[in-house]
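Chain and residue survey
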Amino acid sequence: MVLEGNPEVGSPRTSDLQHTGNNGSCFLSSPGEGAQPGEEPIKYGELIVLGYNGCLASGDKGRRRSRLALSRRPHANGVKPDVMHHISTPLVSKALSNRGQHSISYTLSRSHSVIVEYTHDSDTDMFQIGRSTENMIDFVVTDTSPGGSAAEGPSAQSTISRYACRILCERRPPYTARIYAAGFDTSSNIFLGERAAKWRTPDGLMDGLTTNGVLVMHPAGGFSEDSAPGVWREISVCGNVYTLRDSRSAQQRGKLVENESNVLQDGSLIDLCGATLLWRTPAGLLRAPTLKQLEAQRQEANAARPQCPVGLSTLAFPSPARGRTAPDKQQPWVYVRCGHVHGYHGWGCRRERGPQERECPLCRLVGPYVPLWLGQEAGLCLDPGPPSHAFAPCGHVCSEKTARYWAQTPLPHGTHAFHAACPFCGAWLTGEHGCVRLIFQGPLD
């Protein structure tokens, strides 16, 4: 066995390792270090899963939810690289027998593995994300289907890794958050098998990629009214940034992008091959509309008493408390090709083109005719603007700049494809622009 030690970093001490394990969802309710009784813990940021509009279909419960805040833990549990071992395979189990010792194992061949031991880092907090429901996973994420439903049941084949990724947040200002591919399992290890993409870096260290990869996209101009979609990159196990592989699970890595980092920014998107998460910083959330503001906008829109231009009935957006059930009699409906808003009616069907295809009685354009639903996940909104636009074809309503941003943002799908999707329900967007400006008819005098 060849031992390559770091002379600047000592061997992990028992006192260091006692806090290295994750503690379930302790950061949800426990005050952070230094917080006074009754004070809120320091928040690093929030993760929002696209496609659920504020709540999972089965309800947010514990570590399985549509939105989760990452806050400073009572005790640091971060880890950092310490010592690298070159070993023969029969010694692997012995080298990894200490569950208190975090490590990453790179299998190069049947007779050669490289194991990098990690030691406790008192300056960072670690949060792990994945499909596994085991205690070391802080945020349990399942595959999202268009319409905001999760793939469930024994027959559902998930493409999300059980230990998909980890985020390390600095415990001191500016509380920088960095993302890394793969998370530590129940034995505090990360295993990259013989078929996984892995390599030795120019400085003699090891790095690699997970099977389906962890992709990240940072928006250009931040997550604000002037935002534009950025470029999708892949994050390695050690947090380096690479261009995308030819396919999601190809063994050949992309090119190293030296001028980019794994630091999460407000509005960064994290794709786990089955679910996409949005990272919001505390400063960014202060600029986002609140649920109270969204409710005020709903009431203001209803107070204008918009009418169906044909049936002349008064329309009203339903309360969020009612949920997305069957539309009621006052529910506004829209022709998504032209944006004309009506009440529900049964005429104009074009059955030869599908049950949702209708001809607008005002402009004669034929296209989907769907009920309108207000977007209720405030963290997905770029600005607190009025609900003036709807995504096509799902009918979720938000501000113009929010609608145009998401309509221009390609989200990964499968191993090769990218599609723009509604952030509130995950439905693929259609039409020339992916969204439409709503045209309401005011009450007659």
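In this convention, every chain numbers its residues from 1, walking through the sequence in written order. This being a predicted model, a pLDDT of at least 70 is required before a residue's local features are given, and a value of 80 or more before pairs of side-chain atoms are given or counted; all residues contribute to the totals for chains, interfaces and linings. Values shown for side chains rest on all heavy atoms present in the structure; no hydrogens or waters enter the calculation.

**Description of the packing of aromatic side chains**
Applied cut-off: Pairing of aromatic side chains here covers Phe, Tyr and the six-membered ring of Trp, requires ring centres within 6.5 Å, and sorts the geometry by plane angle: under 30 degrees stacked, over 60 edge-to-face, intermediate tilted. Two limits define a charge over a ring: the Lys NZ or Arg CZ must be within 6 Å of the ring centre, and within 35 degrees of the ring normal.
On inspection of all chains with the given rule, the structure shows 13 aromatic pairs. The rings of Trp333, Tyr335, Tyr344 and Tyr369 are connected pair by pair, giving a single aromatic cluster. Against the face of tryptophan 199 rests arginine 253, its NZ or CZ located 4.4 Å from the ring centre.

**Some thoughts on the pattern of salt bridges**
Stated precisely, the cut-off is as follows: We define a salt bridge as a side-chain nitrogen of Lys or Arg found within 4 Å of a carboxyl oxygen belonging to Asp or Glu. Secondary structure elements follow DSSP: runs of H or I of four or more residues count as helices, runs of E of two or more count as strands, with numbering from the N terminus.
Evaluated as defined, the whole model comprises 16 salt bridges. A salt bridge links glutamate 377 to arginine 67; its shortest N-O distance comes to 2.3 Å. Here the residue glutamate 377 occupies a position in the loop between strand S25 (373-374) and strand S26 (389-391), and arginine 67 occupies one in strand S3 (residues 67-71), the gap between them amounting to 310 residues. In this structure, arginine 245 engages glutamate 234 in a salt bridge whose closest nitrogen and oxygen atoms are separated by 2.7 Å.

**As for the state of the cysteines**
Each disulfide consists of one covalent bond between the sulfur atoms belonging to two cysteines. Our working rule: For the purposes of this analysis, a disulfide is any pair of cysteine sulfur atoms at a distance within 2.5 Å.
For the coordinates displayed, the defined rule picks out 0 disulfides. The thiol of cysteine 398 is not disulfide-bonded; the next cysteine sulfur, from cysteine 381, is found 6.2 Å away.

**Comments concerning the sheet that holds strand S22 (residues 341-342)**
Note the threshold: For two strands to pair, DSSP has to find at least two bridges joining them.
In spatial order, the strands read S22-S21-S24-S23; together these 4 strands make up an open sheet with antiparallel pairing. Whereas interior strands pair on both sides, the edge strands pair on one side only; in this sheet they are S22 and strand S23 (357-359). Judged from the 3 bridges that link them, S23 and strand S24 (residues 366-371) form a sheet pairing that is antiparallel. Each bridged residue has a counterpart across the sheet, and for arginine 358 the counterpart in S24 is glycine 367.

**Remarks on unusual backbone geometry**
This is how the line gets drawn: We call a residue buried when its accessible area falls under 20% of the maximum for its residue type, exposed when it is over 50%, and partly exposed in between, using a 1.4 Å probe and counting protein chains only.
Of the consecutive residues proline 173 and proline 174, the connecting peptide bond is found in the cis state with omega at 5 degrees. Note on placement: proline 174 falls in the loop between strand S11 (165-170) and strand S12 (177-181). Note that the residue after alanine 392, namely proline 393, is joined by a cis bond; omega there is 15 degrees. With respect to the helices and strands, the residue proline 393 is situated in the loop between S26 and strand S27 (396-398). A positive phi angle, near 65 degrees, is found at serine 188, a position not held by glycine. Backbone geometry at arginine 305 places phi at a positive 50 degrees, although glycine is not the residue there. Here arginine 305 shows up in the loop between helix H4 (291-303) and strand S21 (333-335). A relative accessible area of 42% means that arginine 305 is categorised as partly exposed.

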